[in-house]
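Understanding the architecture of this molecule
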Amino acid sequence: MKIVHAETVVWKRGLQHRGGSFLYRHLLNGEPGTPGNFQFNIGQLEGDFSSPRHRHNFDQFRFQLEGTMNFDRNGKMAVGSFGYFPEGAAYGPQSSDGRSTTAVLQFGSASGSGYLSREEVYAGTEELRKYGTFEGGVFRRNDDVEGRRNTDGYQAIWEHVHGERMEYPKPRYRDPIMVDPSNYEWLPVAGMPGVTHKPLGMFTERQCGAEIVNFKRGTIYRAEGRSVCLVLSGSGIAQHDAYGPLTALRLEEGEQVDIVARDDTELVRLILPDLTGVTERRAAHAVAAE
């Protein structure tokens, strides 16, 4: 298990290939160069943030912590809402109604396209600035440089890092799936007295999913399986480490962790996909300019 407390992580500027103000706290990540690589951040957007309608070759889970995120025709995410954004499905344009804070898990999923690490995205961004500019989430190539004039920012970075044209996976779901957990009932978790949960959904044949878990003071919740957890409220001990609001935990396949509540605790558990048999993909690894 790996545990990280968000309050100890410095806010950094991110998404330079999009438009407007975006800060993030990087909490957890997977193994770069593998199909199951992932990144788990808390992102904070201001009202000037904008992103064009676009799609990705990876999956995303979003949990809204503060403010409202607007995805135009796909709807809005208010505080406490959960969203699954499947690979290959277009969404947006995206904007923030004032300050918005969201926990975001981005991860390589069923298509096997993998997921670029932060270092790869940064290096690719810096390299591409030699050949064009990023404006409003789009990479615009200089007139004297060969290649497509306008490309989605992330797609341009991915293609530069991998040295090949991106082929978007055919979407398993046509649109993002927005979930309002407040309309769900709490269900008991078998074998764990005092623990209840709201299963929010399982997705694709690779079975990624999400649930909200609630357990009372003095009770034990046993977390297991390849997943990421974010504490929403409460405090206690996870294995041998203290936790509190916005503590994040990473569990590997086959790992079990007993979480003991000192105070009533609620957390969101994001289940990473089972990619057994998916061929590993290696990126070309762009090198950032000095």
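Preceding this section is the structure that the text describes.
These figures come from a predicted structure and were not determined experimentally.

Looking only at helices and strands, the protein chain features two helices and 25 strands. Relative to the compact-globule value of 19 Å for 290 residues, the protein chain shows a C-alpha radius of gyration of 19 Å, a close match. A principal-axis box enclosing the C-alpha atoms of the protein chain has dimensions of 65 × 40 × 40 Å. Counting across all 290 residues of the protein chain, residues that qualify as buried make up 54%. For the protein chain, the share of sequence-separated contacts (at least 6 apart) that also reach a separation of at least 24 residues comes to 66%. Carbon and sulfur atoms make up 47% of the accessible area of the protein chain, which amounts to about 13100 Å² in all. Taken as two groups, the 33 positive and 38 negative side-chain charges of the protein chain have centres that lie 2 Å from each other.

Strand pairing in a sheet takes place through backbone hydrogen bonds and is either antiparallel or parallel in direction. One open sheet accounts for four strands, arranged S5-S10-S7-S8; its pairing is antiparallel. Strand pairing shows two members of the sheet lacking a second neighbour, strand S5 (50-51) and strand S8 (76-77), which therefore form its edges. Where strand S7 (residues 69-70) meets S8, two bridges bridge the pair, whose relative direction is antiparallel. Looking at the pairing, Asn70 lines up with Lys76 of S8.

Further remarks concern the sheet that holds strand S21 (residues 236-238). Pairing is antiparallel in the open sheet, where four strands are placed in the order S19-S24-S21-S22. Here the strands that pair on one side only, and so sit at the sheet edges, are strand S19 (220-224) and strand S22 (241-243). Strand after strand, the sheet turns through a mean of 30° between neighbouring axes, direction not considered. Pairing between S21 and S22: three bridges, direction antiparallel. Counted as the bridge partner of Ile237 is Ala242 from S22.

On to the nonpolar core. Counting residues in hydrophobic clusters, the biggest one holds 27 residues, and the most contacted among them are Leu27, Leu28, Phe40, Phe61, Phe82, Leu105 and Leu270. Beyond its immediate sequence surroundings of up to four residues, Phe82 is in contact with Phe61, Arg62, Phe63, Met77, Ile177, Met178, Val179, Pro181, Leu200, Phe203, Ala210 and Leu270.

Tracing the backbone through its elements, the reader meets Thr247 in strand S23 (residues 247-251). According to the relative accessible area criterion, Thr247 is buried, its value standing at 2%. Not counting residues up to four positions away in its chain, the partners in contact with Thr247 are Ile3, Val4, His5, Cys229, Leu230 and Val231.

Counting across every chain of the model gives 15 aromatic pairs. Summarising the aromatic geometry, the rings of Phe58 and Tyr115 are spaced 4.9 Å apart at their centres and angled 90° between planes, so their arrangement reads as edge-to-face. Of this pair, Phe58 sits in the loop between S5 and strand S6 (59-66) while Tyr115 sits in the loop between strand S11 (100-107) and helix H1 (118-128), placing them 57 residues apart in sequence. With a relative accessible area of 2%, Phe58 lands in the buried category. You can call Tyr115 buried: its relative accessible area is 8%. When the centroid spacing of 5.0 Å and the interplanar angle of 50° are considered together, the rings of Phe71 and Phe85 count as tilted. Taken together, the residues Phe71 in the loop between S7 and S8 and Phe85 in strand S9 (residues 82-85) connect sequence positions 14 residues apart. Neither Phe71 nor Phe85 differs from the other in exposure class; each is buried. Taken together, Phe61, Phe82, Tyr84, Phe107, Tyr173 and Phe203 form an aromatic cluster joined through their ring pairs. Of note, Arg55 hangs over the ring of Tyr168, and the distance from its end group to the ring centre comes to 4.0 Å.

With an omega of 5°, the peptide bond between Gly92 and Pro93 qualifies as cis. Mapped onto the elements, Pro93 comes out in the loop between S9 and strand S10 (94-96). Residue Asp72 is not a glycine yet carries a positive backbone phi of 55°. Tracing the chain through its elements places Asp72 in the loop between S7 and S8. Residue Asp72 is classed as partly exposed on the basis of its relative accessible area of 45%. Of note, the phi angle at Thr204 is positive, near 65°, even though the residue is not glycine. Looking at the secondary structure, you find Thr204 in the loop between strand S17 (195-203) and strand S18 (208-215).

Conventions adopted
- Residues numbered from 1 in each chain as written.
- Predicted model: local features only at pLDDT ≥ 70, side-chain atom pairs only at ≥ 80, totals over all residues.
- Heavy atoms only, no water.
- Helix = DSSP H or I, 4+ residues; strand = E, 2+ residues; numbered from the N terminus.
- Rg over C-alpha atoms; globule rule 2.2 N^0.38 Å.
- Buried < 20%, exposed > 50% of the residue type's maximum accessible area, 1.4 Å probe, protein only.
- Contact = heavy atoms within 4.5 Å.
- Areas by Shrake-Rupley, 256 points an atom, 1.4 Å probe, with all protein chains shown as cover.
- Lys, Arg positive; Asp, Glu negative; His and termini not counted.
- Charge placed at Lys NZ, Arg CZ, Asp CG, Glu CD.
- Pairing = 2+ DSSP bridges.
- Axes fitted to C-alpha atoms, helices over the stretch in contact; angles between N-to-C directions.
- Core = buried A, V, L, I, M, F, W, Y, C linked by side-chain atoms within 4.5 Å.
- Phe/Tyr/Trp six-rings, centres within 6.5 Å; stacked < 30°, edge-to-face > 60°.
- Lys NZ or Arg CZ within 6 Å of the ring centre and 35° of its normal.

All we've got here are geometric facts, nothing functional implied.
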